[in-house]
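Tertiary structure, described
Now for the letters of each chain:
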Amino acid sequence: MTDGSDGSDSESWGSGSDLEDEEDEDSPATRGFCDSAATGTAKREGTHPNEEEEAERRRRAAAAGAATGEWAEPDPSDTSALARWDAANGEWAYHIQNSGARQHRRSSKMPEFKWTGPLRPMKVSPKRSVPKIGWLCPLPDYARTGWPEAEFASSLQHKLEVKTPEQLAKMRAACSLGRAVMDAVAAAIKPGVTTDQLDRICHAMTLMNGAYPSPRNYMGFPKSLCTSVNEVVCHGIPDARPLEDGDIVNLDITVCLNGYHGDLNETYMVGTGSSDPERAARAKALMKCALECLELAMARCTPGARFRDLGEAIQTHANARGYGVVKDFCGHGIGALFHCAPNVPHYAKNKAVGVMKPGMTFTIEPMVNEGTHRTKHWPDGWTAVTADGGRSAQYEHTMAVTETGLDVLTKRTANSRPFY
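Remember, predicted model here, so these are calculated numbers, not experimental data.

1. Some details on the packing of aromatic side chains
- Following the criterion strictly, the structure yields eleven aromatic pairs and no others.
- Relative to Trp382, the ring of Phe221 lies with its centre 5.2 Å away and its plane at 85°, an arrangement referred to as edge-to-face. Taken together, the residues span a long stretch of sequence, with Phe221 in the loop between strand S4 (212-213) and strand S5 (226-229) and Trp382 in the loop between strand S14 (375-377) and strand S15 (384-386) at a distance of 161 residues. Per residue, the accessibility class of Phe221 equals that of Trp382, and both read buried.
- Through a chain of ring-to-ring contacts, the aromatic side chains of Trp135, Tyr142, Tyr212, Tyr218 and Phe338 assemble into a single cluster.
- Directly above the ring of Trp85 sits Arg84, whose terminal nitrogen or CZ lies 4.4 Å from the centroid.

Shown next, in the form of structure tokens:
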């Protein structure tokens, strides 16, 4: 770690000496990651009794949740428990990174950029820690290295996987937890709450159920969920900005439970929008259209359907209502890898390959913009915004193809908050 000329620190990932140090004894939680020897219940050298007890609670919560669909939830009023994994050291700073780069830095100064809308980045808290024991299996490689080498090198980037019943059972458990985390985080949305506070809830609940928050450290992403506000299309980094009445915010949550990922996202209205009823009405229309686009695409999913045909249903519906459909990001296969084949574009006349077969799992996640479909990246390398500053809405499910159609693994429940 070196000092930058603007008062920033830089970090890099790759292999060997690039592994991040997770043994910070000053952290509220002793930091670290599992390996194959760390997944059992035997006491490990260097751990404390309370760590062993916490690890066993997480393992029990994971097993109970997978069996019943009932997951442990943090008490939103227990701030000390929610802050359990906050970094003890380090200052809030702006995240700076080129998109797709292996390096990032943290800066005390806001970067210069030709902003497309009224939103601006705010400082980001230091990365939250994770426990070093209590995992059901080894974590993704990037949890330690910051770079998903196994994912990028996998043959499943080119081959469509048909999952076994055992694999599908693990997918269902991960997706069930993802849905429960979504509902808990969404319940906290209100004016005055920061997106960093939403990240804290996501992080705490994911860990207390024995899972890993999949976005954390993926290609250097510094947080445990993505929060995309107003003109942010996707991959917004949680920060210190308080949400305001009439904002729309997308929560993109993925958990990795017992080696399998469950991914979903939803867009919500903040408050009632009464501060500007006309603006709120336009936001609700945009959100409604984005959700309908997802539902229309899902209706086409059945054995033998082509992945390339989903985009036509989405773009036709959105364009007819005057909205643009983002082409820069797509749905994806998912399972033991966070991202894999197939690619699922959301626009018409795409060239995606493959047909659906029972046992395939993937996401559909159309991003619908008030104006242009074009996007730009902020200097943090992650936050994609509309090129014209118009707002964007998105909805996503993880799903499995069945013999007769589709099983939506992240479907909403009676506990799910209304979108507006």
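Resuming the write-up.
2. Some details on the pairing of strand S11 (residues 340-344)
- Where burial is concerned, most of S11 is hidden: four out of the five residues are buried.
- The pairing of strand S10 (residues 331-333) with S11 spans three bridges and is antiparallel. Bridged to Gly333 within S11 is Cys340.
- Hairpin connection from S10 to S11: six residues lie between these consecutive antiparallel strands.

3. Thoughts on the side chain of Arg179
- Tracing the sequence through the fold places Arg179 in helix H5 (residues 165-186).
- For Arg179, the side chain forms a polar contact with the side chain of Glu266, separated by 2.7 Å.
- The contact partners of Arg179, leaving out residues within four places of it in the chain, are Leu264, Glu266, His397, Thr410, Lys411, Arg412, Thr413 and Ser416.

4. Quick word on the nonpolar core
- Counting 68 residues, the largest nonpolar core has Val185, Ile189, Leu251, Ile253, Phe362 and Ile364 as the members making the most contacts within it.
- Counting residues per element, the ones that place at least two in this core are H5, helix H6 (195-208), strand S7 (248-257), strand S8 (260-269), helix H7 (277-299), helix H8 (310-320), strand S12 (361-364) and strand S17 (397-401).
- It is H7 that provides the largest number of residues to this core, a total of ten residues.
- Discounting chain neighbours no more than four positions away, the residues touching Leu251 are Met182, Val185, Ala186, Ile189, Leu198, Leu225, Cys226, Thr227, Leu264, Asn265, Glu266 and Tyr268.

5. Quick look at the confidence of the model for the protein
- Per-residue pLDDT for the protein averages 91, and the proportion of residues at 70 or more is 88%.
- Counting contacts from residues 1-7, a segment whose pLDDT is below 50, to residues more than four positions away or on other chains yields 14 contacts.
- Low pLDDT, under 50, characterises residues 12-46; the stretch is placed with 95 contacts to residues that sit more than four places away or in other chains.

6. Focus: the pattern of salt bridges
- Scanning the model with the defined rule gives 20 salt bridges in all.
- Residue Arg128 pairs with Asp86 through a salt bridge whose shortest N-O separation is 2.7 Å. You can see Arg128 sitting in the loop between strand S3 (103-107) and helix H3 (142-145) and its partner Asp86 sitting in the loop between helix H2 (79-82) and strand S2 (94-96), a full 42 residues away along the chain.
- Using a relative accessible area of 4% as the deciding quantity, one classes Arg128 as buried.

7. Some details on the packing of H5 against H6
- At a minimum axis distance of 9 Å, the contact between H5 and H6 shows a crossing angle of 145°. The two elements H5 and H6 cross, and the hand of that crossing is right-handed. Only Leu198, Ile201, Cys202, Met205 and Thr206 of H6 make contact with H5, whose side of the interface consists of Ala180, Val181, Ala184 and Val185.
- Looking at side-chain class alone, the contact of H5 with H6 contains eight nonpolar, one polar and no charged residues.

8. A few points about empty space enclosed by the protein
- Using the criterion set out here, one finds five cavities of 30 Å³ or more in the structure.
- Contributing to the lining of the largest cavity are 21 residues, with Pro121, Ile237, Asp239, Trp378 and Thr383 lying nearest its centre.
- Those elements giving two or more residues to the lining of the largest cavity turn out to be S2 and S5.
- When residues of the lining of the largest cavity are assigned to their parent elements, the largest contribution, three residues, is made by S2.
- Within the lining of the largest cavity, the residues separate by chemical class into twelve nonpolar, five polar and four charged.

9. With respect to H6
- With 14 residues, H6 extends 20 Å from end C-alpha to end C-alpha; this agrees with the ideal 20 Å at 1.5 Å per step.
- Turning to H6, its buried residues number three or more, namely Thr195, Asp196, Leu198, Asp199, Ile201, Cys202, His203, Ala204, Met205, Thr206 and Leu207.
- Trailing H6 by a residue or two, Gly210 shows a phi angle of about 75°, which is positive.

10. Describing the sheet that holds strand S16 (residues 392-394)
- With respect to topology, three strands assemble into an open sheet ordered S9-S13-S16, the strand pairing being antiparallel. Looking along the sheet, the strands with just one partner apiece sit at the ends: strand S9 (324-325) and S16.
- Across three bridges, the pairing between strand S13 (residues 367-369) and S16 is antiparallel. If you follow Val368 over to S16, its bridge partner there is Ala393.

The rules behind the values
Residues numbered from 1 in each chain as written. Predicted model: local features only at pLDDT ≥ 70, side-chain atom pairs only at ≥ 80, totals over all residues. Heavy atoms only, no water. Phe/Tyr/Trp six-rings, centres within 6.5 Å; stacked < 30°, edge-to-face > 60°. Helix = DSSP H or I, 4+ residues; strand = E, 2+ residues; numbered from the N terminus. Buried < 20%, exposed > 50% of the residue type's maximum accessible area, 1.4 Å probe, protein only. Lys NZ or Arg CZ within 6 Å of the ring centre and 35° of its normal. Pairing = 2+ DSSP bridges. Polar contact = N/O pair within 3.5 Å; in protein donor to acceptor, adjacent residues only side chain to side chain. Contact = heavy atoms within 4.5 Å. Core = buried A, V, L, I, M, F, W, Y, C linked by side-chain atoms within 4.5 Å. pLDDT = per-residue confidence, 0-100. Salt bridge = Lys/Arg side-chain N within 4 Å of Asp/Glu carboxyl O. Axes fitted to C-alpha atoms, helices over the stretch in contact; angles between N-to-C directions. Left-handed = near helix turned anticlockwise from the far one by under 90°. Nonpolar A, V, L, I, M, F, W, Y, C, P; charged D, E, K, R; others polar. 1 Å grid on protein atoms, 1.4 Å probe; cavity = no way out; pocket = protein on both sides within 12 Å on 5 of 7 lines; lining within 4 Å. Points joined across faces, edges and corners; volume = space filled by probe spheres on them. Expected span 1.5 Å × (residues − 1).

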